[in-house]
Amino acid sequence: MAHVVLLYHIIWRTKKSEKTINPIFERELYAYINGFCTEKQCRLFRIGGMEDHIHLLVSIRPDISISEFMQVLKSQTSHFHQNTHSLKVGEVAMPHSATAIEIKRSYGNTL
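Residues numbered from 1 in each chain as written. Predicted model: local features only at pLDDT ≥ 70, side-chain atom pairs only at ≥ 80, totals over all residues. Heavy atoms only, no water.

Caption draft 1: Up close: the state of the cysteines. Under the criterion given, the structure shown has zero disulfides. Of all cysteine sulfurs in the structure, the one in Cys-42 sits closest to Cys-37, which takes part in no disulfide; the separation is 6.1 Å. For Cys-37, a relative accessible area of 1% translates into the label buried. (Disulfide = S-S within 2.5 Å. Buried < 20%, exposed > 50% of the residue type's maximum accessible area, 1.4 Å probe, protein only.)

Caption draft 2: Structural detail: helix H1 (residues 23-39). With 17 residues, H1 extends 24 Å from end C-alpha to end C-alpha; this agrees with the ideal 24 Å at 1.5 Å per step. Among the residues of H1, Phe-25, Leu-29, Tyr-30, Ile-33, Phe-36 and Cys-37 are the ones counted as buried. With its buried residues spanning 130° around the axis, H1 presents them on a single face. The exposed residues of H1 that point more than 90 degrees off its buried face are Ile-24, Arg-27, Ala-31, Thr-38 and Glu-39. Looking at where H1 begins, the residue whose side-chain oxygen comes 3.1 Å from the main-chain nitrogen of Ile-24 is Asn-22. Count one or two residues on from H1 and you reach Gln-41, which has phi positive near 60°. (Helix = DSSP H or I, 4+ residues; strand = E, 2+ residues; numbered from the N terminus. Expected span 1.5 Å × (residues − 1). Arc of directions from axis to C-beta. Polar contact = N/O pair within 3.5 Å; in protein donor to acceptor, adjacent residues only side chain to side chain.)

Caption draft 3: Spotlight on the pattern of salt bridges. Applying the stated rule across the entire model yields two salt bridges. One salt bridge connects Arg-13 with Asp-52, and the closest N-O pair in it is separated by 3.3 Å. A residue pair is termed long-range when its members are at least 10 positions apart, and Arg-13 in strand E1 (residues 6-14) and Asp-52 in the loop between strand E2 (43-50) and strand E3 (53-60) qualify at 39 residues. With a shortest N-O distance of 2.7 Å, Arg-61 and Asp-63 are connected by a salt bridge. (Salt bridge = Lys/Arg side-chain N within 4 Å of Asp/Glu carboxyl O.)

Caption draft 4: Highlighting the packing of H1 against helix H2 (residues 66-80). It is the contact of H1 with H2, at a shortest axis distance of 11 Å, that shows an interaxial angle of 135°. On the basis of their axis angle, the class for H1 and H2 is oblique. Here H1 and H2 pass one another in a crossing that is right-handed. Across the interface between the two elements, Phe-25, Glu-28, Leu-29, Tyr-32, Ile-33, Phe-36 and Cys-37 from H1 touch Phe-69, Val-72, Leu-73, Gln-76, Thr-77 and Phe-80 from H2. Residues that form the contact of H1 with H2 fall into these classes: 10 nonpolar, two polar and one charged. (Axes fitted to C-alpha atoms, helices over the stretch in contact; angles between N-to-C directions. Parallel < 35°, antiparallel > 145°, perpendicular 65-115°, else oblique. Left-handed = near helix turned anticlockwise from the far one by under 90°. Contact = heavy atoms within 4.5 Å. Nonpolar A, V, L, I, M, F, W, Y, C, P; charged D, E, K, R; others polar.)

Worth remembering: the numbers are spatial, not functional.
Set out below in structure tokens:
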């Protein structure tokens with residue numbers, strides 16, 4: 001049986017690119033997203049961003065579509081913060097190879 005790893009670089013933007021992710025909310029949001037990935041048996045390799053967007057480097061199980069993953073994540077994250085920070089998926093996802101991850105790690109590049 002083949003071993004399949006689907007790795008995605010997902011860019012998650014705030015609604016209207018507003019700068020609503022302050023440092024306190026950022027920590028809470030990152031922890032929540034990490035817990036979400038763990039619950040879905042997906043692996044979050046890196047997370048980072050700015051006040052108006054987040055980058056995720058995540059391995060999603062083959063039986064979960066990226067659209068389903070993001071739809072549920074968006075919904076749950078929105079409820080998590082009681083709709084005070086309206087987040088919108090940027091609809092950008094780029095597959096990465098394991099080699100690309102190692103190169104980024106070796107250069108200390110954060111996503």
